[in-house]
Amino acid sequence: MKQELTSLVPMIRRFAYSLTGSMADADDLLQSTIERVLSKKIPKDVDLNKWVFRVCRNLWIDEYRSRKVRQEAAQQPELSEGQIVDGERAIAGEMELERVNRAMDRLPNDQRSILALVALQGMSYKEVAATLEIPMGTVMSRLARARAALCEILNASPARTT
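Residues numbered from 1 in each chain as written. Predicted model: local features only at pLDDT ≥ 70, side-chain atom pairs only at ≥ 80, totals over all residues. Heavy atoms only, no water.

A.B. asks: Tell me about the packing of helix α6 (residues 109-120) against helix α8 (residues 136-156), and please be specific about residues and values.
C.D. replies: The interhelical angle for the contact between α6 and α8, taken along N-to-C directions, is 95 degrees, at an axis separation of 9 Å. The angle between α6 and α8 falls in the class roughly perpendicular. In this structure, α6 contributes Asp110, Gln111, Ile114, Leu115 and Val118 to the contact, and α8 contributes Val139, Arg142, Leu143, Arg145, Ala146, Arg147, Ala149 and Leu150. Of the residues in the contact of α6 with α8, the class split is 8 nonpolar, 1 polar and 4 charged. (Axes fitted to C-alpha atoms, helices over the stretch in contact; angles between N-to-C directions. Helix = DSSP H or I, 4+ residues; strand = E, 2+ residues; numbered from the N terminus. Parallel < 35°, antiparallel > 145°, perpendicular 65-115°, else oblique. Contact = heavy atoms within 4.5 Å. Nonpolar A, V, L, I, M, F, W, Y, C, P; charged D, E, K, R; others polar.)

And the structure:
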């Protein structure tokens, strides 16, 4: 099992990054996922690959919800004054990646996770359906909605100047 888990780490890290949009958060999510997998008894007759992705996704959903609560509590005007946003980017590719990450953040969690599994992990629709335990038709419709929303967000972005 350790060998299988070790071989899955790069894929889990990419998936975690696609969910979080931050390498630091992705590494934390990866660590939490590995800790959870190692501390729990793996269900019999389960594909470790699918199970690990499901654990990672569920941990992110829990973290996302708790962050949302903390963020709402912290959005008091006196706490946000004086924050400086560094808008300079050295590389055009980093700027585009940031735009895509922001657009991905605007997608609902169910659409974002499916888009990440298909586009970043290269999973088939059938594999995604089995991993997330949802019908394949749901995978296809959520993926179509995610792609359409992503295109709309990116094309409507004021960052594009022609």
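A.B. asks: Which residues make up the pattern of salt bridges, and what values do they have?
C.D. replies: For side chains of opposite charge, pairing can occur when their charged atoms come near one another. Enumeration according to the criterion identifies 3 salt bridges in this entry. Where aspartate 110 meets arginine 142, a salt bridge forms, and the shortest distance between an N and an O atom there is 3.4 Å. Of this pair, aspartate 110 sits in helix α6 while arginine 142 sits in helix α8, and the two are 32 residues apart along the sequence. Overall, the relative accessible area of 26% leaves aspartate 110 in the partly exposed class. (Salt bridge = Lys/Arg side-chain N within 4 Å of Asp/Glu carboxyl O. Buried < 20%, exposed > 50% of the residue type's maximum accessible area, 1.4 Å probe, protein only.)

None of the figures reported here should be taken as evidence of function without further support.
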